[in-house]
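# Coordinates in review
The primary structure of each chain is shown beneath.
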Amino acid sequence: VTVTSLPTVVATSTSVCVGSSAVLTASGASTYLWSTGATTSTISITPNTNTSYSVTGTATTGCTKVAVGFVTVNALPTVVATNASVCVGSSAVLTASGASTYLWNTGATTSTISVSPTNNASYTVMGTASTGCTKAAVGLITVNALPSVTATSATICAGSTGILTASGASTYVWNTGATGSNLTVNPNSNTSYTVTGTSNAGCTKSATGSIVVGSAPVITVNSSTICAGSTATLSASGVNSYTWSTSANTSAIAVNPNGTTVYTVSGNLTGCSTTASQTATV
């Protein structure tokens, strides 16, 4: 009786990620038969869970021995990436989670990145678990346009009230603290006012409106003393247009009152007006 040794059959084990293929290799015999039915020394399999595979190795003497290879299937990381909405010119922050390390398509390797796109954009991050398994996620950036905010200007006379109007946004805040599209002011000198408009998306832009304060004109009127029955001439100067209490619109008027009378004249200069009076003494 000739006793022949059994072959020293061994099978490799490996670890893979879900959805990936694993390769097991047997050695130590002449021919092989796996539990999958394969008869090659190496097999490729794609298990969904941890699985063992047996292989029967046969030596040239016909003696056989069995070995087992194990495949450990690791789950993919649950990688997620946040989204963000920003205004043109502002930075957005995207954050990835669910893995051990990260690689963004920007080249960044941190879990959080700061980006400043000019248009809507998507950013892909590849997360890797401690097992080496990877999964990708996408973060979206919505870029909102700034509102087209404008503010009117106005010219007023000293002591008068001016109104500035803003447009192009949803809400408004003036540098005076007032809110609303209209601002009523009565400055004593030329003044600028800034308004910040906010759109429905929360984006802001500022505009400036100015108030130009015109000076009140000065009217001088000569005095006149006449005898009863005579005519007095009253003249005004210092403005562009005149309106007397007699309804005359000239700079000078001739009057012949029966008794001492007070006459008033209003004048206008660059939109601002004033009034003066003069007595015709009889």
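Since we're looking at a predicted model, the values are computed, not measured.

### Some words on the sheet that holds strand 16 (residues 154-157)
- Read across the open sheet, the 4 strands follow the order 16-21-20-18; overall the sheet is mixed. The open sheet has two edge strands, strand 16 and strand 18 (171-174), and neither has a second partner. Taking the axes of each pair of neighbouring strands and ignoring which way they run, one obtains an average angle of 30° across the sheet.
- Sheet topology places strand 18 next to strand 20 (residues 191-198); 4 bridges connect them, and they run antiparallel.

### Here we look at the environment of Asn268
- Structurally, Asn268 is set in strand 27 (residues 261-269).
- The class for Asn268 is partly exposed, based on a relative accessible area of 29%.
- It is 9.4 Å that separates the C-alpha atoms of Asn268 and Ile219, two residues lying 49 residues apart in sequence.
- When residues no more than four places from it in sequence are discounted, the contact partners of Asn268 are Val239, Asn240, Ser241 and Ser273.

### A word on the state of the cysteines
- Per the stated rule, a full pass over the model turns up 3 disulfides.
- The side chain of Cys17 participates in a disulfide bridge whose partner is Cys133; the two sulfur atoms lie 2.0 Å from each other. Disulfide Cys17-Cys133: torsion about the S-S bond near -100°, hence left-handed. With a gap of 116 residues between them, Cys17 in strand 2 (residues 14-17) and Cys133 in the loop between strand 13 (121-128) and strand 14 (134-144) connect regions that are remote in the sequence.
- Taking the relative accessible area as the measure of exposure, Cys133 reaches 0% and is therefore buried.
- Each sulfur in the disulfide pair Cys87 and Cys203 lies 2.1 Å from the other. Sign of the S-S torsion, about -100° for the bond between Cys87 and Cys203, identifies this disulfide as left-handed. Taken together, the positions of Cys87 in strand 9 (residues 84-87) and Cys203 in the loop between strand 20 and strand 21 (204-214) put the pair 116 residues apart, joining distant regions of the chain.

### Let's talk about unusual backbone geometry
- You will see that Ser247, though not glycine, has its phi angle at about 80°, which is positive.
- You can see Ser247 is positioned in the loop between strand 25 (241-244) and strand 26 (252-255).

### Topic: the side chain of Asn74
- On the secondary structure map, Asn74 appears in strand 7 (residues 64-74).
- Judged by its relative accessible area of 14%, Asn74 is buried.
- In this structure the side chain of Asn74 is engaged in a polar contact, spanning 2.7 Å, whose partner is the side chain of Ser15.
- Apart from the residues within four sequence positions on either side, Asn74 is in contact with Ser15, Val16, Cys17, Val18, Thr131 and Cys133.

### With respect to the side chain of Ser199
- Looking at the secondary structure, you find Ser199 in the loop between strand 20 and strand 21.
- Judged by its relative accessible area of 17%, Ser199 is buried.
- In this structure, Ser199 is in contact with Ala145, Pro147 and Ser170, ignoring residues within four places of it in sequence.

### Brief notes about a nonpolar patch on the surface
- On the surface, Val66, Val68 and Phe70 cluster together into a nonpolar patch covering about 260 Å² of accessible area.
- Among the structural elements, Val66 can be located in strand 7.

### A closer look at the pairing of strand 10 (residues 92-97)
- Here strand 10 shows a buried face lined by Ala92, Leu94 and Ala96 and an unburied face lined by Val93, Thr95 and Ser97.
- Two strands pair when backbone bridges link them, and strand 8 (residues 80-81) and strand 10 are joined in this way by 2 bridges, in the antiparallel orientation. Within strand 10, the position partnered with Ala81 by the bridge is Ala96.
- Here strand 10 runs beside strand 12 (residues 112-115); their pairing, made up of 4 bridges, is antiparallel. Note on strand 12: the bridge partner recorded for Thr95 is Thr112.

Conventions and cut-offs
Residues numbered from 1 in each chain as written. Predicted model: local features only at pLDDT ≥ 70, side-chain atom pairs only at ≥ 80, totals over all residues. Heavy atoms only, no water. Pairing = 2+ DSSP bridges. Helix = DSSP H or I, 4+ residues; strand = E, 2+ residues; numbered from the N terminus. Axes fitted to C-alpha atoms, helices over the stretch in contact; angles between N-to-C directions. Buried < 20%, exposed > 50% of the residue type's maximum accessible area, 1.4 Å probe, protein only. Contact = heavy atoms within 4.5 Å. Disulfide = S-S within 2.5 Å. Polar contact = N/O pair within 3.5 Å; in protein donor to acceptor, adjacent residues only side chain to side chain. Patch = residues over 30% accessible without salt bridge, like charges linked within 9 Å, V, L, I, M, F, W, Y side chains within 5 Å. Areas by Shrake-Rupley, 256 points an atom, 1.4 Å probe, with all protein chains shown as cover. Salt bridge = Lys/Arg side-chain N within 4 Å of Asp/Glu carboxyl O.

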